[in-house]
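# Inside the fold
Now for the letters of each chain:
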Amino acid sequence: MRLHPGETEATGWRVVTVLDAVQRLRKASPDVSGRPQVIAIDGRGGAGKTTLAERLRKVVPGSAIVHTDDIAWNHAYFDWGAVLVENILRPLHRGEAVNFRPDAWITHGRPGSITIPAGADVVWVEGTGIIRAELAPWLDASVWMQGDLDEQERLLVLRDGDSPEQREHVASWLLEELPFLRRERPWARATMIVAGPPHLDHDPDTELVVAPPTEP
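Residues numbered from 1 in each chain as written. Predicted model: local features only at pLDDT ≥ 70, side-chain atom pairs only at ≥ 80, totals over all residues. Heavy atoms only, no water.

A word on the overall build of the chain. Each helix and strand in the chain was counted, giving 8 helices and 9 strands. Relative to the compact-globule value of 17 Å for 216 residues, the chain shows a C-alpha radius of gyration of 17 Å, a close match. Seen along its three principal axes, the alpha-carbon backbone of the chain occupies a region of about 45 × 40 × 30 Å. Split into buried and exposed, the 216 residues of the chain put 46% on the buried side. Once local pairs closer than 6 in sequence are excluded, the contacts in the chain between residues at least 24 apart make up 78%. A total of about 10,500 Å² of accessible surface is found on the chain, and carbon and sulfur atoms cover 51% of it. One finds the centroid of the 23 positive side-chain charges in the chain at a distance of 3 Å from the centroid of its 32 negative side-chain charges. (Helix = DSSP H or I, 4+ residues; strand = E, 2+ residues; numbered from the N terminus. Rg over C-alpha atoms; globule rule 2.2 N^0.38 Å. Buried < 20%, exposed > 50% of the residue type's maximum accessible area, 1.4 Å probe, protein only. Contact = heavy atoms within 4.5 Å. Areas by Shrake-Rupley, 256 points an atom, 1.4 Å probe, with all protein chains shown as cover. Lys, Arg positive; Asp, Glu negative; His and termini not counted. Charge placed at Lys NZ, Arg CZ, Asp CG, Glu CD.)

Structure, rendered in structure tokens:
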């Protein structure tokens, strides 16, 4: 398996139900009360973060998803941690609803806002770079999606295309992604490792392929 430089390959992979995975993540912070649990889902492009977040959301009625791509939209690839904390994570920790229009949305005329109703049980925050040291105090549990980079890149091309503009975007992204992940080592911080894409036979509708956290 070709992994990020410095990434430890997970071992002990096994198939579990999506419900079991959710229960394990929620038990990672059993003392949370008066606010939603905040659970991060990290991995590189093509790993399947958005799909996983939606599958987990369906298991917890009343949960919500935040996409860091919405925070980073026309802002920066990775320099959005403080924006996320002040406008989403801090209100969630106070048990408040969220209704946030990033500055870039206003500047570029993007309609709508990032909304999370009060009373959500879990908020899943998905996106590359969400598991990082500066956000650790705000996250109750986390998932790192580990998979072969060649396969993830193939899926990324299928999703976003392979135009000259897209290749330029990917090259620019990698210039920031690789050193960022090498520094933050999200696979070593994660509560659970999920295979993305999976490499064991399983029911894609009801099961996940998971492994224990890797050693730092």
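From this point, the discussion proceeds with the structure in view.
Here we take up the side chain of Gln146. Within the secondary structure, Gln146 is located in strand 7 (residues 141-146). Overall, the relative accessible area of 1% leaves Gln146 in the buried class. At 2.9 Å, the side chain of Gln146 and the backbone oxygen of Thr8 are in polar contact. Of note is the side chain of Gln146, whose polar atom sits 2.9 Å from the backbone nitrogen of Ala10. (Polar contact = N/O pair within 3.5 Å; in protein donor to acceptor, adjacent residues only side chain to side chain.)

Right, let's get into the sheet that holds strand 3 (residues 64-67). Pairing within the open sheet is mixed, and its 7 strands lie in the order 1-9-8-7-2-6-3. Among the strands making up the open sheet, the edge pair consists of strand 1 (14-17) and strand 3. Recorded for the sheet is a direction-independent mean angle of 35 degrees between the axes of neighbouring strands. Direction of pairing for strand 2 (residues 37-42) relative to strand 6 (residues 122-126): parallel, over a ladder of 5 bridges. Bridging across to strand 6, Ile41 finds its partner in Glu126. (Pairing = 2+ DSSP bridges. Axes fitted to C-alpha atoms, helices over the stretch in contact; angles between N-to-C directions.)

Glancing now at the packing of aromatic side chains. Enumeration according to the criterion identifies 2 aromatic pairs in this entry. Between Phe78 and Phe180, the ring centres sit 4.5 Å apart and the planes meet at 15 degrees, which makes this aromatic pair stacked. Placement of Phe78 in the loop between helix 3 (68-72) and helix 4 (81-93) and of Phe180 in helix 7 (residues 164-184) is noted, with a sequence separation of 102 residues between them. Residue class for Phe180 comes out buried when judged on its relative accessible area of 6%. (Phe/Tyr/Trp six-rings, centres within 6.5 Å; stacked < 30°, edge-to-face > 60°.)

Its location among the elements puts Trp80 in the loop between helix 3 and helix 4. For Trp80, a relative accessible area of 1% corresponds to the buried category. For the pair Trp80 and Arg35, spaced 45 residues apart in sequence, the C-alpha to C-alpha distance is 23 Å. Those residues within four positions of Trp80 in sequence are excluded, and the remaining contacts are Thr68, Ile71, Ala72, His75, Thr128, Gly129, Ile130, Arg132 and Leu135.

So, on to the pattern of salt bridges. A full pass over the atoms with the stated rule returns 11 salt bridges. For Arg183, the salt bridge identified is with Glu184, shortest N-O distance 3.7 Å. Beyond isolated ion pairs, a larger network of salt bridges with shared partners links Arg183, Glu184 and Arg189. (Salt bridge = Lys/Arg side-chain N within 4 Å of Asp/Glu carboxyl O.)

Moving on to unusual backbone geometry. Glycine aside, residues mostly have negative phi, and peptide bonds are mostly found in the trans state. A positive phi is found at Asn74, a non-glycine position, where the angle reads about 55 degrees. On the secondary structure map, Asn74 appears in the loop between helix 3 and helix 4. Phi is positive for Arg185, close to 50 degrees, though the residue is something other than glycine. Tracing the chain through its elements places Arg185 in the loop between helix 7 and helix 8 (186-189). Judged by relative accessible area, which is 24%, Arg185 ranks as partly exposed.

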